[in-house]
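# Coordinates in review
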2 protein chains.
Amino acid sequence: MQRIATSGLVLASLLFGISTVADARRPVSDVSRVYGVKLPQGYRDWKLISVAHEAGRNNDIRAILGNETAVKALREGKRPFPDGAILVRLAWRFESSSRNDSVFPAPQSFVAGEPVNVQVSVKDSKRYAASGGWGYGQFENGVANQDAALTKACFACHARLDALDSKADLVFTHYSQ
Amino acid sequence: MQRIATSGLVLASLLFGISTVADARRPVSDVSRVYGVKLPQGYRDWKLISVAHEAGRNNDIRAILGNETAVKALREGKRPFPDGAILVRLAWRFESSSRNDSVFPAPQSFVAGEPVNVQVSVKDSKRYAASGGWGYGQFENGVANQDAALTKACFACHARLDALDSKADLVFTHYSQ
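Let us look at the structure shown here. (Residues numbered from 1 in each chain as written. Chains lettered and ligands numbered in written order. Predicted model: local features only at pLDDT ≥ 70, side-chain atom pairs only at ≥ 80, totals over all residues. Heavy atoms only, no water.)

## Observations concerning the interface of chain A and chain B
Counting residues at the interface gives 42 residues for chain A and 42 residues for chain B. Taken together, the two surfaces of chain A and chain B that pack against each other cover about 3600 Å², and 54% of this comes from carbon and sulfur. When the area that chain A buries against chain B is broken down by residue, the three leading residues are A:Arg44, A:Arg99 and A:Val103, summing to 19%. When the shortest N-O distance is used, the salt bridge between A:Arg99 and B:Asp165 registers 3.2 Å. Remark: the boundary between chain A and chain B carries 27 residue pairs in polar contact (both at pLDDT 80 or more). It is strand β1 (residues 47-54) of chain A that contributes the most residues to the side of chain A that touches chain B, eight residues altogether. Along the lines of polarity and charge, the residues of the side of chain A that touches chain B split into 23 nonpolar, ten polar and nine charged. (Contact = heavy atoms within 4.5 Å. Buried area = accessible area lost by both parts, 1.4 Å probe. Salt bridge = Lys/Arg side-chain N within 4 Å of Asp/Glu carboxyl O. Polar contact = N/O pair within 3.5 Å; in protein donor to acceptor, adjacent residues only side chain to side chain. Helix = DSSP H or I, 4+ residues; strand = E, 2+ residues; numbered from the N terminus. Nonpolar A, V, L, I, M, F, W, Y, C, P; charged D, E, K, R; others polar.)

This is the structure in structure tokens:
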């Protein structure tokens, strides 16, 4: 069945162009549900926007990186973000470091452990008009989470920020100098 | 007095070359005590190595960035770091975010507040042979801290790591995927 489906995609690619060939080779799980967001190439090398710690159930430490369009908008205080802005939030387990604590004067050091997930927000005011101009995706080990309810929850949560801070353009993070 | 000292430096620059003119214009506080380390140009745009939280007296949340040489060595697990590697640790106040907490399901969110300081480690095995090949500097608001004892404490603390983990080349941070 998988083979037939793939063959169908390859046939479609022959009919509709080379870009479809590339898509046929890419597993469906590269793309988030609902929004069709992909993990941007080279995102791990993007510029740092800020860092944060989520306690409780999350128990992670995180970094928020952005592409050039996003970082420029943040630095210039430009809102709403222009189309093409992409924010990537990387989270790792929040772990006490006994190694560092044995050197430091007191038990105090918490570091990034194993990766938890990567969340991506893509600004496209037309494509994502129904979700405030943002498309979302969550990735674990480079694979898009295929839980549609989880993916929809991204916007539901970001939308709650709008009532509180309508100038934030649904983005929690501030740029840290 | 300042004017006389500056004139002396300008005179020295005329005698010893153009690079000294640039140095004469640069306030002494651009350079760390003991090691003569400067805040590297463009460091804020460098690639992210990892993140951490120091509780207790520090009470900060931090990001460690690196230049190309440092990041390459970390990704390849190369130790000791090659000469030219530079690590920059940016720390911000660790602050509870009531804004985020009012959106999230529970009080859990801690973010980066005001900048605390920036610490720089520069690898130069010849120049800094007496301190394990590393030169250090701490900067507040872009200005080098002029407390020699504080600057010396950088190496004293990093050196303690060596007894525990001699393969770390005096660097606490691991690269976070």
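## A word on helix α5 (residues 148-164) of chain A
Of all the positions in α5(A), only A:Ala148, A:Thr151, A:Cys154, A:Cys157, A:His158 and A:Leu161 are classed as buried. The residue sitting at the N-terminus of α5(A) and contributing the capping side-chain oxygen is A:Asp147; that oxygen lies 3.0 Å from the backbone nitrogen of A:Ala149. (Buried < 20%, exposed > 50% of the residue type's maximum accessible area, 1.4 Å probe, protein only.)

## So, the relation of the copies chain A and chain B
Mapping chain A onto chain B is achieved by rotating through 180° and translating by 0.0 Å along the same axis, at an RMSD of 0.0 Å. Each copy turns onto its partner about a two-fold axis. In this assembly, 100% of the residues forming the interface of chain A have copies in chain B that are likewise at the interface, indicating an isologous arrangement. (Least-squares fit on C-alpha atoms with pLDDT ≥ 70 in both.)

## Concerning unusual backbone geometry
Residue and element names in this part refer to chain A. Here the bond from Arg79 into Pro80 is cis, since omega is -10°, no more than 30 degrees from zero. The backbone phi angle of Asn141 is positive, close to 50°, even though this residue is not glycine. With respect to the helices and strands, Asn141 occurs in the loop between β5 (134-140) and β6 (143-144). By relative accessible area, Asn141 is classed as exposed at 79%. Phi is positive for Asp169, which is not a glycine, with a value near 55°. Assignment of secondary structure puts Asp169 in the segment after α5. Judged by relative accessible area, Asp169 falls into the buried class, the value being 11%.

## Thoughts on the pattern of salt bridges
By the definition in use, this model includes 14 salt bridges over all chains. As a salt-bridge pair, A:Lys47 and A:Glu68 come within 3.0 Å of each other at their nearest N and O atoms. With A:Lys47 in strand β1 and A:Glu68 in helix α3 (residues 68-76), this residue pair connects regions lying 21 residues apart in the sequence. Looking at A:Glu68, the relative accessible area reads 52%, which means it is exposed. Overlapping salt bridges, with partners in common, bring together A:Asp45, B:Lys47, B:Glu68 and B:Arg75 in one network.

## Considering the environment of A:Asp45
Secondary-structure assignment places A:Asp45 in the loop between α2 (18-25) and β1. A:Asp45 gets classed as partly exposed once you look at its relative accessible area, which sits at 30%. Each C-alpha atom, one on A:Asp45 and one on A:Gly66, is 9.4 Å from the other, the two residues being 21 residues apart in sequence. Excluding anything up to four places from it in sequence, A:Asp45 contacts B:Lys47 and B:Arg75.

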